[in-house]
Amino acid sequence: MDSVRKREIARFENIQTLLLEFSSAPNFEARVVLGQELVWAKRKIAENGCLRRLVIPAANGRQKTMDIFDRYFDPPPGESFTSDVITMIEKTKSVIRLSAQPDIDRPRAQPLDPLHTAARR
């Protein structure tokens, strides 16, 4: 694995530590640092295809999506997004590690069988 990927993974691990520390003992300085780091984390998570959004019920039976990162410090009452962010970070670290491996080691998707696919419709 190259040094850029190692630094990214190390930074993600530092962010995970900050998230857990902040969730157990919130303070202003940690919030400032975490807020800055979450901007970087969201960008990297999105670049690696691991960004998730929450779908929540809205008025008139409609649904709306909520960006977990935008609401991290202001979640709905009784909610915490720490585990959601940590899950996205773990998935992103896996993608980064996998991208460092040669193509030979990657699992390859099997083509869909057109007859099997049609039968499922």
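Predicted model, so just to flag it, every value in this text is computed and none were measured. (Residues numbered from 1 in each chain as written. Predicted model: local features only at pLDDT ≥ 70, side-chain atom pairs only at ≥ 80, totals over all residues. Heavy atoms only, no water.)

Draft legend 1. Spatial organisation of the packing of helix α2 (residues 28–47) against helix α3 (residues 82–99). Across the interface, α2 lies against α3 with an axial gap of 10 Å and an inter-helix angle of 50°. Between α2 and α3, the angle falls in the class oblique. Of the two possible hands of crossing, α2 and α3 adopt the one that is left-handed. Contacts between α2 and α3 involve Leu38, Lys44 and Ile45 on the former and, on the latter, Val85, Met88, Ile89 and Thr92. (Axes fitted to C-alpha atoms, helices over the stretch in contact; angles between N-to-C directions. Helix = DSSP H or I, 4+ residues; strand = E, 2+ residues; numbered from the N terminus. Parallel < 35°, antiparallel > 145°, perpendicular 65-115°, else oblique. Left-handed = near helix turned anticlockwise from the far one by under 90°. Contact = heavy atoms within 4.5 Å.)

Draft legend 2. Focus on the pairing of strand β1 (residues 53–57). Looking at chain direction, β1 and strand β2 (residues 63–67) are connected through five bridges and run antiparallel. If you follow leucine 54 over to β2, its bridge partner there is methionine 66. The loop that links β1 with its antiparallel partner β2 comprises five residues; one of these, asparagine 60, has a positive phi angle of about 60°. (Pairing = 2+ DSSP bridges.)

Draft legend 3. Spatial organisation of α2. With 20 residues, α2 should reach 28 Å at 1.5 Å per residue; the first-to-last C-alpha distance of 29 Å fits that figure. In this structure, the buried side of α2 is in contact with α1 (3–24) and α3. Capping the start of α2 is the job of one residue whose side-chain oxygen sits 3.2 Å from the backbone nitrogen of glutamate 29: asparagine 27. Following α2 by one or two positions, glycine 49 adopts a phi angle in the positive range, close to 75°. (Expected span 1.5 Å × (residues − 1). Polar contact = N/O pair within 3.5 Å; in protein donor to acceptor, adjacent residues only side chain to side chain.)

Draft legend 4. Fine view of the packing of aromatic side chains. Throughout the structure, instances matching the rule amount to three aromatic pairs. Ring centres 5.1 Å apart and planes at 85° place the aromatic pair tyrosine 72 and phenylalanine 73 in the edge-to-face group. For tyrosine 72, a relative accessible area of 6% corresponds to the buried category. What makes phenylalanine 73 partly exposed here is its relative accessible area of 25%. The positively charged end of arginine 11 is found above the aromatic ring belonging to tryptophan 40, 4.2 Å away from the centroid. (Phe/Tyr/Trp six-rings, centres within 6.5 Å; stacked < 30°, edge-to-face > 60°. Buried < 20%, exposed > 50% of the residue type's maximum accessible area, 1.4 Å probe, protein only. Lys NZ or Arg CZ within 6 Å of the ring centre and 35° of its normal.)

Draft legend 5. Examining the nonpolar core more closely. Counting 23 residues, the largest nonpolar core has Ile15, Leu19, Leu34, Leu38, Ile45, Tyr72 and Val85 as its most contacted members. Among the secondary structure elements, those contributing two or more residues to this core are α1, α2 and α3. (Core = buried A, V, L, I, M, F, W, Y, C linked by side-chain atoms within 4.5 Å.)

Draft legend 6. Geometry of the pattern of salt bridges. Counting across every chain of the model gives 12 salt bridges. Close ionic contact of arginine 11 with glutamate 37 constitutes a salt bridge, the shortest N to O distance being 3.0 Å. With arginine 11 in helix α1 and glutamate 37 in helix α2, the pair connects residues that are 26 residues apart, well separated along the chain. In this structure, aspartate 67 and lysine 42 form a salt bridge, with 2.6 Å as the shortest nitrogen-oxygen distance. You can see aspartate 67 sitting in strand β2 and its partner lysine 42 sitting in helix α2, a full 25 residues away along the chain. The class of aspartate 67 is buried, set by a relative accessible area of 10%. Classification of lysine 42 as partly exposed rests on a relative accessible area of 23%. One network of salt bridges, with partners in common, ties together Glu8, Arg43, Lys44 and Glu47. (Salt bridge = Lys/Arg side-chain N within 4 Å of Asp/Glu carboxyl O.)

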